[in-house]
Amino acid sequence: MGIIEDKLRILAGKWVPGPRKDDAIKRAKELYAKNQKSTINYIKEHITDKQSVKKVVQKYISLLSDVHMKTLDCDIAVKPTQLGICINYNLFNSNYEKIVSFAEKYRIFVWTDMENSVYANATIKAYLAALKRHKNVGIAIQSKLKRSYHDAKLLVKAGGTIRLVKGAYKENSNIAYTKRRQVDANYIRIMKYLFRNSKKFMIATHDKKMICKAIAIQKKYKRNISFGMLNGIRGRLAEETANKGYETRIYIPYGKEWFAFAWRRFMEGVNVVLIIRSMLNL
Ligand SMILES: Cc1cc2nc3c(=O)[nH]c(=O)nc-3n(C[C@H](O)[C@H](O)[C@H](O)COP(=O)(O)OP(=O)(O)OC[C@H]3O[C@@H](n4cnc5c(N)ncnc54)[C@H](O)[C@@H]3O)c2cc1C
């Protein structure tokens, strides 16, 4: 992995502004000057020891205080596997509650990332519980998963706020769509459901077709929508969307453990073969 890791580190610099929260805040400020908002995430995932989970919770509390002080229009995003879901549900749920209630004091919105499908039930359960107590929480739904249309309905009926994504994790074909056109068709199906039934949601994609479709449907429904994109991917498209007057929010990950995040981005890059060739100087 050595040579690939070295080259991937260079590529990761496009997506991850640095290891410290100040790096992420600096990037959020740059984007804010260009009329784009942010969502900051601390990179660490699949934690299996309680001490490391505790440190992550402290990182978010400190991040929330800084974001509040800087008065940036900035959300945060948390991953269940960094808050203890791999250890036990109650630990995850209480950490999640702690972060969401702390953020609520500062009127900061907390997005709940959706990870591998094995955690989907527990993630949705904790989200629905939080939603009964707090308004500042949203959840990602992946169009790749066959269950997601029904999850979206359940969540919208409970008053939830959805961030619609295609899904970044490898899943088994009995529970997930494996062909791009199926994932896209399900994305459109869920998006149309959201336009008909939800007042506020996020269309998170770099797929221009999906963005144009959402803009066209929005003309009829006039919902409170935002567009989400990842830092360093299709920046010009994000600028265009923001300049058209649509809320555009960029997901900024920071932290030392950038590898898993960068690897997922790398694997979904437009042409993996070309990237590998250029990384290895072939
Ligand atoms: C704000 C936000 C939050 C997200 N949260 C989650 C989450 O909680 N859970 C989850 O599973 N996934 C999440 N994702 C990732 C998402 O599921 C997809 O894996 C990712 O967005 C790529 O899919 P796409 O919708 O951009 O469409 P695609 O069809 O994959 O890509 C459309 C176009 O975007 C460009 N592009 C996409 N990816 C890359 C890349 N890596 N490098 C260069 N160009 C690229 C290419 O031009 C491509 O043709 C999130 C994405 C965003 C934008």
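Residues numbered from 1 in each chain as written. Predicted model: local features only at pLDDT ≥ 70, side-chain atom pairs only at ≥ 80, totals over all residues.

1. A word on the sheet that holds strand β2 (residues 74–78)
Sheet architecture is closed into a barrel: eight strands sit in the order β1-β2-β3-β4-β5-β6-β7-β8, paired in parallel fashion. Taken pair by pair, the neighbouring strands of this sheet meet at an average axis angle of 30°, ignoring direction. Pairing of strand β1 (residues 37–42) with β2 involves three bridges; the strand directions are parallel. When the bridges of β2 are listed, I40 appears paired with I76. The sheet strands contacting helix α3 (residues 50–69) are β1 and β2, and the helix crosses β1 at an angle near 155°. Contacts from helix α9 (residues 235–243) reach β7 (224–230) and β8 (247–254), with the element oriented near 145° to β8. (Pairing = 2+ DSSP bridges. Helix = DSSP H or I, 4+ residues; strand = E, 2+ residues; numbered from the N terminus. Axes fitted to C-alpha atoms, helices over the stretch in contact; angles between N-to-C directions. Contact = placed C-beta atoms within 7 Å.)

2. Remarks on the packing of helix α6 (residues 148–157) against helix α7 (residues 180–197)
The N-to-C vectors of α6 and α7 enclose an angle of 15°; their axes lie 10 Å apart at closest approach. Viewed along their axes, α6 and α7 adopt a mutual orientation that is roughly parallel. Where α6 crosses over α7, the handedness of that crossing is right-handed. Where α6 abuts α7, its residues S148, Y149, A152, K153 and V156 lie against N186, R189, I190, Y193, L194 and N197. Counted by class, the contact of α6 with α7 contains six nonpolar, three polar and two charged residues. (Parallel < 35°, antiparallel > 145°, perpendicular 65-115°, else oblique. Left-handed = near helix turned anticlockwise from the far one by under 90°. Nonpolar A, V, L, I, M, F, W, Y, C, P; charged D, E, K, R; others polar.)

3. So, helix α2 (residues 21–33)
For α2, which comprises 13 residues, the first-to-last C-alpha distance of 19 Å matches the rise-based estimate of 18 Å (1.5 Å per residue) to within 8%. Buried within α2 we find A24, I25, R27, A28 and L31. Down the axis of α2, the sector holding all buried residues measures 160°, keeping them to one side. Facing away from the buried side of α2 by over 90 degrees, the exposed positions are D22 and A33. If you follow the buried residues of α2, they end up packed against β1, α3, β2 and β8. (Expected span 1.5 Å × (residues − 1). Buried ≥ 20, exposed ≤ 12 C-beta atoms within 10 Å, placed from the backbone. Arc of directions from axis to C-beta.)

4. A word on the pairing of β8
Counting buried positions along β8 gives seven out of eight residues, so the element sits mostly inside the fold. Taken together, the six bridges between β1 and β8 define a ladder with parallel strand orientation. Of the residues in β8, the one forming a bridge with N41 is P253. Read from β7 through α9 to β8, the crossover connection turns out right-handed. (Right-handed = clockwise from strand over helix to strand, strands pointing away.)

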